[in-house]
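Observations on the three-dimensional arrangement
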Amino acid sequence: METAYIEVRNLTKTYSAKNGNVEALKSVSLSVLKNDIFGVIGLSGAGKSTLVRCLNLLERPDSGEVFIGGQNLLTLGREQLRLRRQKIGMIFQHFNLLEQQNVLANVCFPMEIRGVPVRQRKEKAMELLKKVGLEDKAGAYPSQLSGGQKQRVAIARVLANEPDILLCDEATSALDPETTKTILDLLKSIHDTMGITMVIITHEMRVIQEICTKVAVLDQGTVQECGSVTKIFNHPKSKAAKRLLLIRDTEEMADVG
Amino acid sequence: MWDKTMIIMLLEGIRDTFYMTLASTFFGYVIGLPMGIVLTLTDKGGIAPNRTVYRMLDIVINITRSVPFLILLILVMPLTKLIVGKSYGSAATIVPLTLAAAPLIGRMVESSLKEVGQGVIEAAVSMGARTRTIVFKVLIGEARTSLLVGVTIVLGTVLGYSAMAGVVGGGGLGDIAIRYGYYRYDTGVMLVTLVFIVAIVQLMQGAGMFAAKKLDHRNKE
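Just so we're clear, the structure is a prediction, and the values are computed from it rather than from any experiment.

1. Focus: the interface of chain B and chain A
- In this assembly, 26 residues from chain B lie in contact with 26 residues from chain A.
- Summed over both sides, the interface of chain B with chain A buries roughly 2,300 Å², with 53% coming from carbon and sulfur.
- It is B:Ser126, B:Met127 and B:Lys137 in chain B that bury the most area against chain A; as a group they hold 28% of the surface buried on that side.
- Run the count over chain B and chain A and you get 2 salt bridges.
- In this structure, the salt-bridge partner of B:Glu122 is A:Arg53, at a minimum N-O distance of 2.7 Å.
- Sorting the residues of the side of chain B that touches chain A by element identifies helix H6 (118-126), helix H7 (131-142) and helix H8 (144-164) of chain B as the ones contributing at least two each.
- The element best represented in the side of chain B that touches chain A is H6(B), accounting for 7 residues.
- Of the residues in the side of chain B that touches chain A, the class split is 8 nonpolar, 9 polar and 9 charged.

2. Focus on the environment of B:Thr193
Residues and elements named next belong to chain B.
- Tracing the sequence through the fold places Thr193 in helix H10 (residues 187-214).
- For Thr193, a relative accessible area of 0% gives the class buried.
- Setting aside its immediate chain neighbours within four residues, Thr193 contacts Leu10, Leu173, Ile176 and Ala177.

3. Observations concerning the pairing of strand E2 (residues 20-33) of chain A
Residue and element names in this part refer to chain A.
- In the sheet, strand E1 (residues 4-17) pairs with E2 via 10 bridges, with the strands oriented antiparallel. Paired with Ser16 across the strands is Asn21, a residue of E2.
- Where E1 folds back onto E2 in an antiparallel hairpin, the turn is made up of 2 residues.

4. Focus on the packing of H6(B) against H7(B)
Residues and elements named next belong to chain B.
- Relative to each other, H6 and H7 sit at 145°, their axes nearing to 10 Å. Considering the relative orientation of H6 and H7, their crossing is right-handed. Across from Val120, Ile121, Ala124 and Val125 in H6, the residues of H7 making contact are Ile134, Val138 and Leu139.
- Across the contact of H6 with H7, the residue classes tally to 7 nonpolar, no polar and no charged.

5. Describing the environment of A:Gln71
All names here are of chain A.
- Along the chain, Gln71 falls in strand E5 (residues 71-72).
- Classification of Gln71 as partly exposed rests on a relative accessible area of 34%.
- Taking the C-alpha atoms as reference points, Gln71 and Glu7, 64 residues apart in sequence, are found 9.6 Å from one another.
- Setting aside residues up to four positions removed in sequence, Gln71 forms contacts with Val66, Leu76 and Arg84.

6. Considerations on the pattern of salt bridges
Residue and element names in this part refer to chain A.
- Applying the stated criterion to the full structure yields 23 salt bridges over all chains.
- The shortest N-O distance in the salt bridge between Asp185 and Lys181 comes to 3.3 Å. Of this pair, Asp185 and Lys181 both sit in helix H6 (residues 177-194), 4 residues apart, which is roughly one turn of that helix.
- On the basis of relative accessible area, Asp185 is assigned to the partly exposed category, the value being 37%.
- We note a salt bridge from Arg248 to Asp249, for which the minimum N-O separation is 3.1 Å.
- With relative accessibility at 15%, the residue Arg248 sits in the buried group.

7. Comments concerning the layout of surface pockets
- Volume-wise, the largest pocket comes out at about 660 Å³.
- Taken together, 24 residues make up the lining of the largest pocket; nearest its centre are A:Leu57, A:Leu58, A:Arg85, B:Ile47 and B:Val125.
- Of all the secondary structure elements, the ones that give two or more residues to the lining of the largest pocket are helix H2 (78-85) of chain A together with H6 and H7 of chain B.
- Here the element with the most residues in the lining of the largest pocket is H2(A); it accounts for 5 residues.
- Taken together, the residues of the lining of the largest pocket sort by class into 8 nonpolar, 6 polar and 10 charged.

8. Details of the pairing of strand E6 (residues 88-92) of chain A
Residues and elements named next belong to chain A.
- Here E6 lies mainly inside the structure; 5 of its 5 residues are buried.
- Neither face of E6 is left uncovered, since the one carrying Ile88, Met90 and Phe92 and the one carrying Gly89 and Ile91 both have all their residues buried.
- Here 5 bridges tie E6 to strand E7 (residues 165-169), and the two strands are oriented parallel to one another. Counted as the bridge partner of Gly89 is Leu166 from E7.

9. Some points on the sheet that holds E7(A)
Residues and elements named next belong to chain A.
- Taken together, the 6 strands give an open sheet; going across it, the order is E6-E7-E8-E3-E9-E10, and neighbouring strands pair in mixed fashion. What marks the edges here is a single partner per strand, and that holds for E6 and strand E10 (222-228). In this sheet, adjacent strand axes meet at a mean angle of 15° when their direction is disregarded.
- Docked against the sheet, helix H5 (residues 147-159) engages E6 and E7, running at close to 170° with respect to E6.

10. Here we look at the side chain of B:Thr40
Residue and element names in this part refer to chain B.
- By secondary structure assignment, the location of Thr40 is in helix H1 (residues 4-42).
- For Thr40, a relative accessible area of 10% gives the class buried.
- Within polar-contact distance, the side chain of Thr40 engages the backbone oxygen of Gly36 at 2.7 Å.
- Those residues in contact with Thr40 that lie beyond four places of it in its chain are Gly46, Glu110, Leu113, Lys114 and Leu139.

11. Comments concerning the domain arrangement of chain A
Residues and elements named next belong to chain A.
- Assigned domains of chain A: these are domain 1 (4-87 + 164-256) and domain 2 (98-162).
- Each of domain 1 and domain 2 was reduced to a C-alpha centroid, and the two centroids are 25 Å apart.
- Taken together, both faces of the contact between domain 1 and domain 2 bury some 1,200 Å²; the carbon and sulfur share is 68%.
- Counting the surface domain 1 buries against domain 2, the share from its top three residues, Gln86, Leu186 and Met194, is 38%.
- At the junction of domain 1 with domain 2, the criterion picks out 0 salt bridges.
- Seen at the junction of domain 1 and domain 2, the total is 3 residue pairs in polar contact (both at pLDDT 80 or more).
- No other element matches H6, which puts 7 residues into the side of domain 1 that touches domain 2.
- In the side of domain 1 that touches domain 2, the residues fall into 9 nonpolar, 3 polar and 2 charged.

Here is what the cut-offs are and how they apply
Residues numbered from 1 in each chain as written. Chains lettered and ligands numbered in written order. Predicted model: local features only at pLDDT ≥ 70, side-chain atom pairs only at ≥ 80, totals over all residues. Heavy atoms only, no water. Contact = heavy atoms within 4.5 Å. Buried area = accessible area lost by both parts, 1.4 Å probe. Salt bridge = Lys/Arg side-chain N within 4 Å of Asp/Glu carboxyl O. Helix = DSSP H or I, 4+ residues; strand = E, 2+ residues; numbered from the N terminus. Nonpolar A, V, L, I, M, F, W, Y, C, P; charged D, E, K, R; others polar. Buried < 20%, exposed > 50% of the residue type's maximum accessible area, 1.4 Å probe, protein only. Pairing = 2+ DSSP bridges. Axes fitted to C-alpha atoms, helices over the stretch in contact; angles between N-to-C directions. Left-handed = near helix turned anticlockwise from the far one by under 90°. 1 Å grid on protein atoms, 1.4 Å probe; cavity = no way out; pocket = protein on both sides within 12 Å on 5 of 7 lines; lining within 4 Å. Points joined across faces, edges and corners; volume = space filled by probe spheres on them. Polar contact = N/O pair within 3.5 Å; in protein donor to acceptor, adjacent residues only side chain to side chain. Domains from an automatic or database assignment.

Have a look at this one:
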């Protein structure tokens, strides 16, 4: 059997809120193989964002373990974690670009963090902008771009550090269906050419369908079902998976109508 | 009344007012900017939450902010004497002005930096940025418009305080206004100084807002 590249064991995370505690994750275990495009799907509040944020420790779990390439992230010191994070890319629903910097500077930013010399930074950034089809926007500011273009900049930025893992936290949720499709195509081609292991968090079945090889269905902080996309789409066992498929079908019907 | 000495006095007053305001604001930022940064980082939800540090700074700022400037001015006179050598004149006024400006600046910087979206900060953390990089590039870089507006407000406030220092011979336009207008009932001179004070505030305000707008790329068309 292949060994897992990303492995989480028994993750739990509880938030204390005003009206009692919220258990975002209840003993979640998952393994993602190298080169997988692994989807995590669930309705809002299912705990999927918390889960992905635990993979680079933006969020620290209350208990459990997070292994990346055999290394337990939770045992790393501050500085080691900081360096490891440079190779774990993340893109976000709201893009999170530096609004006061132009596109080129945004793509250069991760390389600046790593201390890459300015000339090399710019060369590489232009190369990446070409890859995402935005070489003519290098001097533009994020406020001048559309949502899809902003996400492309974020993708160019995340590739600047040549990550071995890419985490996508609802990366297409702020985009319209057509733009979503182009962004997913871009991610797919990046996966195929650069061999990056991807974890994709979404609430939309069509995102999973479009791009993922495996999927885990998350509901109320636990994994309901996990396996190949075709298997779960054709023979959903859990209530949560059935419900998500139903939502997709209704949406498709609405699209047709 | 409008002889040469009077004109020279007014010009010197303008110079001293600029000198006091700019120097105190500068030293105020030397103390207040780090305070604002530490407040932002250590508050809950910041990137290095630390309740003790936050509370301590918070209390220090609240206390110093509640001391009326005129009282602070008199209170710190021994310190002023120690640093400057005398307790009157424009150089001496810089000491209490700086002490009054610093906590105000700390608060203004804190509120500016907290306007920066959590998302961008998180993105930088996820890229493995050092705290130093996050502070300078993300927090200060992204909040620069708001920080500049803050500088403009601080300049206006400090200039107002500097005029108050005129009561104890603080130098500058305020000093002239109080000596002539209050002690000698010379309303003419007082009004002239007032016009200058208003003009200086307007000038600083205009320059600050212009720079802030120029440096803002968030709503470019």
